[in-house]
Amino acid sequence: MEIDSVSPWKRKSRGALKASDMDIDTKRAALKASPSVVSVVSYKGGKMMLPGSGTIIDCEEVNGTYTSTILTSTALLRSSPESNTLQDDMKVNVYLADGKSFEGHVSAHDFYLNIATISITSDVALPTACLKLLDDSMSLYPSDCNSNYFKLGPGDTVIAIGRSCDKTHELRVNPGKFRESRQPCLGMELTNLYAASIGKLEKIISKFSTSKGVLVDEVIKGSPAEKAGILYGDVIVQCGKKEVQSFLEFYDIIWEKVRETVEVGVIRESSAARLILKVFVDETSSDEANSWPVPKTYEASVKRIQHG
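Residues numbered from 1 in each chain as written. Predicted model: local features only at pLDDT ≥ 70, side-chain atom pairs only at ≥ 80, totals over all residues. Heavy atoms only, no water.

Peer 1: Where do I start with the sheet that holds strand β3 (residues 65-72) in this structure?
Peer 2: Adjacent strands of a sheet form backbone hydrogen bonds with each other and so pair up, either parallel or antiparallel. Strand order in the closed barrel made by the six strands is β1-β2-β3-β6-β5-β4, with antiparallel pairing throughout. Strand-to-strand twist in this sheet, taken as the mean axis angle between neighbours without regard to direction, amounts to 40°. (Pairing = 2+ DSSP bridges. Helix = DSSP H or I, 4+ residues; strand = E, 2+ residues; numbered from the N terminus. Axes fitted to C-alpha atoms, helices over the stretch in contact; angles between N-to-C directions.)

Below you can see the structure in the form of structure tokens.
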């Protein structure tokens, strides 16, 4: 990463829409979230390394002093784009919408997930974002592709919000579509293996020495999954040439494989070795979403995974 000698007050933010280009709903959503959105800038030797944005997700009071936690990207902290180490002698400043600045301290970071938290202290409570849980046990059944907690599904409008690092600290807004590509349809309900019963986990771990994968909770009759030979209780551990450890990893891969046939690696209690099955990733359009009858037990089978 090259060290940028340009003053943070002279750098221009790019790509955000002008207010005149936004519809009223976008403006309302952005303004509702804006109080918790801050500008985050990393420095080394008095020179700016990289500007970015963050969101205040927590604010706690102890003896009259408030400690706020800001969620941001590790891109601000890397010693180089390819490195997974923190930059030495780095300083992080946090700027609120009114221009007030605070010295930040890196409290946690994960380069793999590209997330970091920055802590700042203040004399007053700072506004925090209203967050909701995202259930990582989603159904791939066409009529129920939305998250049960966050209620976010393909085609929904999402808004990226940041704050400029120049002296205006202006809000930057970019609306878009969530996963605006073709919607895959496999016709099975999945959840992470760790959500299985203790008995199921014991059998899988003792036989295959793994506790990670995607558990098949239900297979819809006549679906691509059933035609491929996938059964209830199977554990998917591979998709294409990649090992998968969670539902979201599996979902991310098949999203790019719509209208293609992919090899899926499955472990099954009744089989001594991993099975390789070929499944066609069908495409679901909005007018096809309810083309299959919903089984009577389907609604009751939807799992909600809570992390306590």
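Peer 1: For this particular structure, what's the right way to read unusual backbone geometry?
Peer 2: Trans peptide bonds make up the majority, and among non-glycine residues the majority have a negative phi. The backbone of N63 sits at a positive phi, close to 55°, despite the residue not being glycine. With respect to the helices and strands, the residue N63 is situated in the loop between β2 (47-62) and β3. Backbone geometry at S209 places phi at a positive 55°, although glycine is not the residue there. In this structure S209 comes out as exposed when scored by relative accessible area, which is 67%. (Buried < 20%, exposed > 50% of the residue type's maximum accessible area, 1.4 Å probe, protein only.)

Peer 1: What's the story with the environment of G229 in this structure? I'm lost.
Peer 2: In this fold, G229 is placed in the loop between α3 (224-228) and β12 (235-239). Taking the C-alpha atoms as reference points, G229 and K278, separated by 49 residues in sequence, lie 8.4 Å from one another. Discounting chain neighbours no more than four positions away, the residues touching G229 are D234, R268 and L277. (Contact = heavy atoms within 4.5 Å.)

Peer 1: In this structure, what is going on with helix α4 (residues 247-254)? I would like to understand it.
Peer 2: Think of an α-helix as 3.6 residues a turn; residues three or four steps apart then line up on the same face. Within the span of α4, buried status applies to F247, F250, Y251, I253 and I254. Axial view of α4: buried residues confined to an arc of 160°, hence all on one face. Of the surrounding elements, those touching the buried residues of α4 are β9 (184-185), β10 (188-192), β11 (214-219), β12 and β13 (242-243). (Arc of directions from axis to C-beta.)

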